[in-house]
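For reference, the chains in residue letters:
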Amino acid sequence: MGHETDQDELLHMLSNPQQREEGFRLLTRQYGDMLYWHIRRIVVGHDDAEDALQETFIKIFSSIGSFRGDGKLSTWLYSIATREALTLLRRQTHLFQSIDALAPTLTSKMQAETPLDSDAAEVTFQEALLTLPTQQRIAFNLRYYDELSYDEIAHITGKNVGTLKANYHLATEKIKTYIKQHTR
């Protein structure tokens, strides 16, 4: 059960009509939690994360044939998940409102879904993350939580490495400032 299927084996299963369903089940089991938490850190709410994850797996299933195998499968999956999470956020904004203007809504969702016994420092950290512009938050999350390289993040987001390093640095500084201002 704990055995992870390697990328080549998984891709072979997904391209073989007789094994496609089992391959997709394995892909979902192997990458589902990772993608859920990546999406959840962008959209914040559990229900929204579940919706975006479902859309992500629909996109993966319908476009697995377009994966060329020249990079890591996980990077390609993160790319799709990131786009689906951002699409969901865009749908939640009004026509002329930016995604970044959703911060108060996201903070309210985070506070509503935070268990009562949560560590105050962790809650403050999560609130600090939600004050970041979306692109900084995505760069920070992928680097800090998912421990991806800047090259992998560049492939996922379509941003250049220099921009990502700047976004990560700015995010780190903003988080430190927020935490200093909101703790005693």
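Residues numbered from 1 in each chain as written. Predicted model: local features only at pLDDT ≥ 70, side-chain atom pairs only at ≥ 80, totals over all residues. Heavy atoms only, no water.

S.K.: Which residues make up the overall build of the protein chain, and what are the values?
M.R.: Secondary structure assignment for the protein chain yields nine helices and zero strands. Each helix and strand of the protein chain, ordered N terminal to C terminal, gives the series α-α-α-α-α-α-α-α-α. Counting only residues that meet the buried cut, the protein chain has 46% of its 184 residues in that class. Considering only contacts in the protein chain between residues 6 or more positions apart, those separated by 24 or more positions represent 60%. (Helix = DSSP H or I, 4+ residues; strand = E, 2+ residues; numbered from the N terminus. Buried < 20%, exposed > 50% of the residue type's maximum accessible area, 1.4 Å probe, protein only. Contact = heavy atoms within 4.5 Å.)

S.K.: Before we move on, can you summarise the packing of helix α6 (residues 120-130) against helix α9 (residues 161-182) with the specific residues and values?
M.R.: Look at α6 against α9: their axes get within 9 Å of each other, and the N-to-C directions meet at 130°. Of the possible angle classes, the one that applies to α6 and α9 is oblique. Like other packed secondary-structure pairs, α6 and α9 cross with a definite hand, here right-handed. From α6, T124, F125, E127, A128 and L129 reach across to α9, where they touch I175, Y178, I179 and H182. Across the contact of α6 with α9, the residue classes break down as six nonpolar, two polar and one charged. (Axes fitted to C-alpha atoms, helices over the stretch in contact; angles between N-to-C directions. Parallel < 35°, antiparallel > 145°, perpendicular 65-115°, else oblique. Left-handed = near helix turned anticlockwise from the far one by under 90°. Nonpolar A, V, L, I, M, F, W, Y, C, P; charged D, E, K, R; others polar.)

S.K.: Could you give an account of the side chain of T75, with specific residues and numbers?
M.R.: Note on placement: T75 falls in helix α4 (residues 73-92). Look past the residues within four positions of T75 in its chain and what remains in contact with it is E152, H155 and I156.

S.K.: Residue-level account of the side chain of R137, with values.
M.R.: Along the chain, the position of R137 falls in helix α7 (residues 134-144). Given the relative accessible area of 4%, R137 is considered buried. Within the structure, R137 has its side chain in polar contact with the backbone oxygen of R41 (distance 2.8 Å). (Polar contact = N/O pair within 3.5 Å; in protein donor to acceptor, adjacent residues only side chain to side chain.)

S.K.: Account for the pattern of salt bridges, naming residues and giving values.
M.R.: A complete count under the given rule lists six salt bridges for this structure. In this structure, K59 and E84 form a salt bridge, with 3.0 Å as the shortest nitrogen-oxygen distance. Of this pair, K59 sits in helix α3 (residues 46-63) while E84 sits in helix α4, placing them 25 residues apart in sequence. On the accessibility criterion, K59 (37% relative accessible area) is partly exposed. Within the structure, one salt-bridge network assembled from shared partners comprises E21, E22 and R25. (Salt bridge = Lys/Arg side-chain N within 4 Å of Asp/Glu carboxyl O.)

S.K.: Account for the nonpolar core, with residues named and values stated.
M.R.: Ranked by internal contacts, the top residues of the largest apolar core, which has 48 residues, are L27, L35, I60 and L73. For this core, the secondary structure elements donating two or more residues are α1 (7-15), α2 (20-43), α3, α4, α6, α7, α8 (150-157) and α9. If one sorts the elements of this core by residue count, α4 sits on top with ten residues. Apart from the residues within four sequence positions on either side, L35 is in contact with L53, T56, F57, I60, L77, Y78 and A81. (Core = buried A, V, L, I, M, F, W, Y, C linked by side-chain atoms within 4.5 Å.)

It is worth stressing that arrangement in space is one thing and function is another; only the former is reported here.
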